[in-house]
Amino acid sequence: MNGFATHGLDEDAFAEKSTLKGGLQTFDAFPKTKPSYTTPSRRGGQWTVLILTICTVLSLTEFATWLHGTETHHFTVEKGVSHDLQLNLDAVIRMPCDTLHINIQDAAGDRVLASQMLKKEPTSWKLWMDKRNTESYGGGKEYQTIGKEESSRRERQEEDVHAGHVLSEARRGGKKFEKGPKIRRGDKVDSCRIYGSLEGNKVQGDFHITARGHGYADGQKHLDHSAFNFSHMITELSFGPHYPAILNPLDKTIATTESHYYKYQYFLSIVPTIYSRNQHLDPTSPPAPSSKSNRNLIFTNQYAATSQAEALVESPYLVPGIFFKYNIEPILLLISEERSSFLGLVIRLVNTVSGVIVTGGWVYQILSWVGELRRKRLGRSEGYLHGKVAD
């Protein structure tokens, strides 16, 4: 008698059902709306696509963050005791091998005759410069000239201090020292390639390359100053285990000069470093060197470098050459890369998607409500049933 039948409405559709199915619907925690009571709209479809896009982007970002893990850096006092320090060198000096003198003098008073421990190979400066140009213009510009830096080199060097990348390169291995360019007929042999690894004391020291008969009373024949040319190309200079793929601050450095009496100085601050992956490092109790067998741990060294170059006045008290003055810092750097559990990732994804959907629903309702108010003010309100209701 309320006019429902007059307008073709089924009153039973709004009554509670006594059947089993109706009983389950009564206790349904998420009541469903009949398709006939919903009206799809273009704006609603666009909003749904926007919400799905946001959920997809945030989910991919969260997954990428989990995949790469988080990296932490801690400084602590080095408590372990180690006595040896390995030095790895691969450099080309623009002078014949028999005119060079190479050694190490450290703070302990020991003198290491590096000339006998490192390999020396006659080569051509032009061949190495051609090799450098081929590598530079064939890919990334990794070579640097003293006083100039390339942004691409800085990006590569920043990548090479991350734990995951260092551990991957260490596991991959590779040739310790690559073969130099082959000397062809007609090439001028005017340079010396010095390469290899040697052990020294883990104390402050001075590694230098000078001309024969200069700087030491070693009884060798004095070399004429007109033969000096300390232009050089450093392919590799590192401390600790040798990882050829890792780019250190002085790797791929070129310095040239036209002056015969010239001095290059490099000041290095060496920091012992431990890289770890999927393992938390406690700064209060860092792993001992006995843990080197762990594949997820790498004990090595980083260093910062500054350089100074100047032409000298010819004097018996001034010695030209290439000098690497290094100092061992009394600190230990711990770099660890960790990744949360897969369950934690799933929980974060669920929270992210549900949060976006709920927030998007609220925003859509608020916008719809604001739009409805505007339509009412303009006298174009919608949503009323028109027609006379029978008594």
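Residues numbered from 1 in each chain as written. Predicted model: local features only at pLDDT ≥ 70, side-chain atom pairs only at ≥ 80, totals over all residues. Heavy atoms only, no water.

## What about a nonpolar patch on the surface?
Put simply, the rule is: Like charges within 9 Å and nonpolar side chains (Val, Leu, Ile, Met, Phe, Trp, Tyr) within 5 Å are joined into patches, using only residues over 30% in relative accessible area that form no salt bridge. Note on areas: these come from Shrake-Rupley sampling with a 1.4 Å probe, and a residue is covered only by the protein chains present in the view. Salt bridge, as used here, is a side-chain nitrogen of Lys or Arg placed within 4 Å of a carboxyl oxygen of Asp or Glu. Think of it this way: any DSSP run of H or I at least four residues long counts as a helix, any run of E at least two long counts as a strand, and we number them from the N terminus. Accessible area is worked out with a 1.4 Å probe on protein chains only. A residue is then buried under 20% of its type maximum, exposed over 50%, and partly exposed in between.
Nonpolar side chains collect at one region of the surface, where V358, W362, I366, W369, V370 and L373 lie side by side and expose about 620 Å² of accessible area between them. Checked against the element boundaries, V358 lands in helix α7 (residues 342-377). For V358, a relative accessible area of 41% corresponds to the partly exposed category.

## Focus: the packing of aromatic side chains
Pairs of aromatic rings are described using the distance from one ring centre to the other and the angle between the two planes. Put simply, the test is: What counts as a ring pair is set by centres within 6.5 Å for rings of Phe, Tyr and Trp (its six-membered ring), and what kind of pair is set by the plane angle: stacked under 30 degrees, edge-to-face over 60, tilted for all other angles.
In this structure the tally under the stated criterion is 11 aromatic pairs. Centre to centre, the rings of F228 and Y261 are 6.0 Å apart; their planes meet at 20°, and the pair counts as stacked. Of this pair, F228 sits in the loop between β8 (205-211) and β9 (232-239) while Y261 sits in the loop between β10 (253-255) and β11 (262-277), placing them 33 residues apart in sequence. The same class applies to F228 and to Y261, which are both buried. Measuring from centroid to centroid gives 5.6 Å for F239 and Y326, while their planes differ by 50°, and the two rings are tilted.

## Thoughts on the pattern of salt bridges
Following the criterion strictly, the structure yields seven salt bridges and no others. Between D90 and R193 there is a salt bridge, and its shortest N-O distance comes to 2.9 Å. Here D90, found in strand β2 (residues 84-93), pairs with R193, found in strand β7 (residues 191-201); they are 103 residues apart in sequence, far enough to count as distant. Accessibility expressed as a relative area gives 2% for R193, which makes it buried. R184 serves as the salt-bridge partner of D187, at 3.1 Å between the closest nitrogen and oxygen. Judged by its relative accessible area of 49%, R184 is partly exposed. Overlapping salt bridges bring together D90, E121 and R193 as one network.

In short, the description is geometric, and any link to function would need to be established separately.
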